[in-house]
Amino acid sequence: QVQLVESGGGLVQAGGSPRLSCEASRITSRIVVFGWYRPAPRKQPEPVARAGNSGDTWEKDAVKGRFTITRDNAKNTVTLQMNNLKVEDTAVYYCYKLSSRGLEYWGQGTQVTVSS
């Protein structure tokens with residue numbers, strides 16, 4: 001069973017720069033997309049940032065210029081460097097993986113709380 005283990009997060013002051021990390025283990029197929037999601041108000045979790053397996057990355061407009069996603073294919077890890085945090089960034093952040101077999105996996109989530 002594929003596992004996604006997240007670390008980082010916690011209570012951060014507005015303007016802070018925490019980093020979230022996620023390591024995938026028990027991989028049996030190629031990781032097509034590696035990324036981070038967070039819940040949207042009254043909606044399904046939405047992507048915050050994603051990294052493809054060819055170096056392509058995408059960030060949500062609300063975090064563009066503040067968050068940077070980095071993927072290490074050799075280590076099966078993905079990190080989210082979060083800079084200049086805002087109170088509205090408060091959320092549970094979930095690591096996400098899409099395999100080449102079309103299977104989706106989620107981490108257990110890590111809480112990021114931004115205080116003003």
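See the structure shown above.
Residues numbered from 1 in each chain as written. Predicted model: local features only at pLDDT ≥ 70, side-chain atom pairs only at ≥ 80, totals over all residues. Heavy atoms only, no water.

Draft legend 1. Local environment of the side chain of E59. Among the secondary structure elements, E59 is positioned in strand β6 (residues 57-59). Look at E59: it is buried, it has no salt bridge, and the nearest opposite charge is K64 at 5.8 Å. (Helix = DSSP H or I, 4+ residues; strand = E, 2+ residues; numbered from the N terminus. Buried < 20%, exposed > 50% of the residue type's maximum accessible area, 1.4 Å probe, protein only. Lys, Arg positive; Asp, Glu negative; His and termini not counted. Salt bridge = Lys/Arg side-chain N within 4 Å of Asp/Glu carboxyl O.)

Draft legend 2. Expanded view of the state of the cysteines. Evaluation of the coordinates by the stated rule reveals one disulfide. Across a sulfur-sulfur distance of 2.0 Å, C22 and C95 are joined as a disulfide pair. Because the sign of the S-S torsion sets the handedness, a value of about -85 degrees for the bond joining C22 and C95 places this disulfide among the left-handed ones. Separated by 73 residues along the polypeptide, C22 in strand β3 (residues 19-25) and C95 in strand β9 (residues 91-99) bring together distant segments of the chain. By relative accessible area, which is 2% here, C22 ends up buried. The class for C95 is buried, based on a relative accessible area of 0%. (Disulfide = S-S within 2.5 Å.)

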